[in-house]
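# Secondary and tertiary structure notes
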Amino acid sequence: MSLGDKMKKSFWKTSPNKVPGTIKTITSPAHGTNKPAELGSPGLSVSHADLRSPRDNSVELQTRSFSDPEIDFASNADRNLSSPSQSSPLSSSGSQSSVSELRIQKLKKLLKEPIVDIDQLKKLAWQGVPNSLRGITWRLLLDYLPSNEDRRESTLDRKRKEYSACIPKYFDIDESHRSSEEQVLYRQIHLDVPRTLPCLSLFQEDLIQKMLARVLYIWGVRHPASGYVQGINDLATPFIITFLEESSGVDIFHLDVKSISEEALSTIEADSYWCLTKLLDGIQDNYTFAQPGIQRMMHKLGELVQRIDAPLSDHLKKQEIEYAHFSFSWMNCLLLREFPLHLSVRIWDTYFAEVESISTFHVYVCAAFLCHFSAELRRRDFQDILLFLKDPPTASWSLQQIDVLLSQAFLWKSLYENSPKHLGADRH
């Protein structure tokens, strides 16, 4: 058995260590009522186990094990241009399929309502969104598209015109009319754009590169408190791809961007800009001077790993590895560089559906991701650990593994968030 196979196999194992407490299921207003997933990690094991949340012993929180064969999550695109297996990501029993179909029908029905219940949308979207519904769902969850149907057309028309007016005002101007700061910004973006998704031919298209450059530059000029920094180019790509596929009905492997009308491309560009703006509004302190948001997230990740997986935490300290050595990019790019794209957009379905901030839940996802590789990392030294984490073996991960990762993160957030005594406490 190869090392990669062993690692995949160990992902599904549960630790003999038990989590203290006696809750049978974990439920939350924003989450479903499926049977708890079997979650395993070196420091924490949940296998239909009894748990009590330290927040409130009277509140039950439900983790989920979800498998939706009727949802076409995968867009046939990832960073290595290797299509996900058509059979491995999702396979389930007939009963699970019925549950899946019911949830999809609920989601479709909800999106047709004159006024969409956003709280209900979050509950349904947390478990993943079909490709065909992802565009409208993301717009609603990011509060770009009004929940009231009567206001949508006028709002979109106004916002799209506002963005279009920014292009001649900020981008299509003579170089001499840019300030020195804007010239630096312009050059940096035009260096970064060709490096964005270099293995995906779509992003080597001149039309797409110009679209991405305009979105990034206009955002940077209009947000001087933070300005553009490397990594934001990655955050724009899921929006562009999602809206391109929505508009064309074609996956990005087979999409001929020249077949899309100029009007449709303008709409895709404007919507990508506004959705990126909405995303960054919630994490803007990640990109201000000294990036305090990222610093806090890395510090919290260290505290979480110390609490959840003490042997791994101790090994990283022994090897003199700081979390900034590997997790800075995790926080800066929301793990987009660590997963194939079809898995990243699945994670973003959950991020946008989270009741609390993306930054809060993202740290727990990073903790679950790091601890998943605990046994492997504890066998390595400083250099090998950093090389491993720079290019983690996720190319063959399935959507089921992402579901487990998100469920584990949700469980830990339920246990430790709002319970400071569980973080930073001395270990005995």
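Definitions and cut-offs
- Residues numbered from 1 in each chain as written.
- Predicted model: local features only at pLDDT ≥ 70, side-chain atom pairs only at ≥ 80, totals over all residues.
- Heavy atoms only, no water.
- Helix = DSSP H or I, 4+ residues; strand = E, 2+ residues; numbered from the N terminus.
- Buried < 20%, exposed > 50% of the residue type's maximum accessible area, 1.4 Å probe, protein only.
- Contact = heavy atoms within 4.5 Å.
- Areas by Shrake-Rupley, 256 points an atom, 1.4 Å probe, with all protein chains shown as cover.
- Phe/Tyr/Trp six-rings, centres within 6.5 Å; stacked < 30°, edge-to-face > 60°.
- Salt bridge = Lys/Arg side-chain N within 4 Å of Asp/Glu carboxyl O.
- pLDDT = per-residue confidence, 0-100.
- Axes fitted to C-alpha atoms, helices over the stretch in contact; angles between N-to-C directions.
- Parallel < 35°, antiparallel > 145°, perpendicular 65-115°, else oblique.
- Left-handed = near helix turned anticlockwise from the far one by under 90°.
- Nonpolar A, V, L, I, M, F, W, Y, C, P; charged D, E, K, R; others polar.
- Core = buried A, V, L, I, M, F, W, Y, C linked by side-chain atoms within 4.5 Å.
- Expected span 1.5 Å × (residues − 1).
- Arc of directions from axis to C-beta.

### Some details on the overall build of the protein
Of regular secondary structure, the protein possesses 17 helices and two strands. Taken over 428 residues, the protein has a buried fraction of 54%. When contacts within the protein are restricted to residue pairs at least 6 apart in sequence, those whose partners lie at least 24 apart make up 79%. Here the protein has roughly 19,000 Å² of accessible surface; of this, 50% comes from carbon and sulfur atoms.

### A closer look at the packing of aromatic side chains
As enumerated under the stated definition, the model contains 24 aromatic pairs in all. Between Phe-239 and Trp-348 the ring centres are 5.5 Å apart and the planes differ by 55°, which places this aromatic pair in the tilted class. Placement of the pair is Phe-239 in helix 8 (residues 232–248) and Trp-348 in helix 13 (residues 341–353), with a sequence separation of 109 residues. Residue Phe-239 is classed as buried on the basis of its relative accessible area, which comes to 0%. Judged by centre distance (5.3 Å) and plane angle (85°), the rings of Phe-369 and Phe-373 are edge-to-face. Phe-373 sits in the buried class, given a relative accessible area of 3%.

### A word on the pattern of salt bridges
Should their charged atoms come close, side chains of opposite charge can pair. Scanning the model with the defined rule gives 20 salt bridges in all. For Arg-214, the salt bridge is made with Glu-269, and the minimal N-O distance between the two is 2.8 Å. Of this pair, Arg-214 sits in helix 7 (residues 206–222) while Glu-269 sits in helix 9 (residues 262–281), and the two are 55 residues apart along the sequence. Its relative accessible area of 5% is what places Glu-269 among the buried residues. Here Glu-354 makes a salt bridge to Lys-413, at a shortest N to O gap of 3.5 Å. A residue pair is termed long-range when its members are at least 10 positions apart, and Glu-354 in the loop between helix 13 and helix 14 (358–372) and Lys-413 in helix 17 (residues 399–416) qualify at 59 residues. Accessibility assignment for this pair places Glu-354 and Lys-413 in one class, buried. Ionic contacts of the salt-bridge type, sharing partners, join the residues Arg-139, Arg-160, Glu-246 and Asp-271 into one network.

### Topic: the confidence of the model for the protein
Across the protein, pLDDT averages 80, with 75% of residues at or above 70. Here residues 1–96 is a poorly scored stretch, pLDDT under 50, and it has 249 contacts once near neighbours within four places are set aside; other chains count. With pLDDT under 50 throughout, residues 424–428 is counted as low confidence; its partners more than four residues away or in other chains account for five contacts.

### Let's talk about the packing of helix 10 (residues 292–308) against helix 12 (residues 324–332)
Remark: helix 10 packs on helix 12, axes separated minimally by 10 Å, with the N-to-C direction vectors making an angle of 125°. Comparing the axis directions of helix 10 and helix 12 gives the class oblique. The interaxial crossing formed by helix 10 with helix 12 has right-handed handedness. Contacts from Ile-294, Met-297, Met-298 and Leu-301 in helix 10 reach Ala-324, Ser-327, Phe-328, Met-331 and Asn-332 in helix 12. Residue composition of the contact of helix 10 with helix 12, grouped by class: seven nonpolar, two polar and no charged.

### As for the packing of helix 8 against helix 13
Interhelical geometry of helix 8 versus helix 13 gives an angle of 95° and a closest axis separation of 11 Å. One element, helix 8, and the other, helix 13, form an angle in the roughly perpendicular class. Each of Leu-235, Pro-238, Phe-239, Ile-241 and Thr-242 in helix 8 lies in contact with helix 13, whose residues at this interface are Leu-341, Val-345, Trp-348 and Phe-352. Partitioning the contact of helix 8 with helix 13 into residue classes produces eight nonpolar, one polar and no charged.

### Quick word on the nonpolar core
Formed by 116 residues in total, the largest nonpolar core has its most connected members in Leu-235, Phe-239, Trp-348, Phe-352, Leu-370 and Trp-412. No other element matches the eleven residues that helix 14 contributes to this core. Setting aside its immediate chain neighbours within four residues, Phe-352 contacts Trp-138, Leu-141, Leu-142, Phe-239, Leu-279 and Ile-358.

### Things to note about helix 6 (residues 180–192)
In this model, helix 6 (13 residues) spans 19 Å end to end at C-alpha, consistent with the 18 Å of a helix rising 1.5 Å per residue. The set of residues buried in helix 6 consists of Leu-185, Ile-189 and Asp-192. End-on, the buried residues of helix 6 take up no more than an arc of 65°, which puts them together on one face. Here the buried face of helix 6 lies against helix 7 and helix 8.

### Brief notes about the side chain of His-315
By secondary structure assignment, the location of His-315 is in helix 11 (residues 310–318). Residues contacting His-315, with those up to four places away along its chain left out, are Leu-377, Arg-378, Arg-380 and Ile-385.

### Points about helix 8
Taking 1.5 Å of rise per residue, 17 residues should cover 24 Å, and helix 8 covers 25 Å from first to last C-alpha, within 8% of that figure. Burial analysis of helix 8 places 14 of its 17 residues in the buried class, which makes it a mostly covered element. The first or second residue beyond helix 8 is Gly-249, which carries a positive phi of 75°.

### Section: unusual backbone geometry
Negative phi values dominate among residues other than glycine, just as trans dominates among peptide bonds. Even without being glycine, Leu-334 reaches a positive phi, approximately 55°. Assignment of secondary structure puts Leu-334 in the loop between helix 12 and helix 13. On the accessibility criterion, Leu-334 (3% relative accessible area) is buried. Non-glycine residue Leu-335 carries a positive phi angle of around 65°. Following the sequence through the fold, Leu-335 ends up in the loop between helix 12 and helix 13.

### A short note on the environment of Gly-231
The residue Gly-231 is located in the loop between helix 7 and helix 8 in this model. You can call Gly-231 buried: its relative accessible area is 0%.

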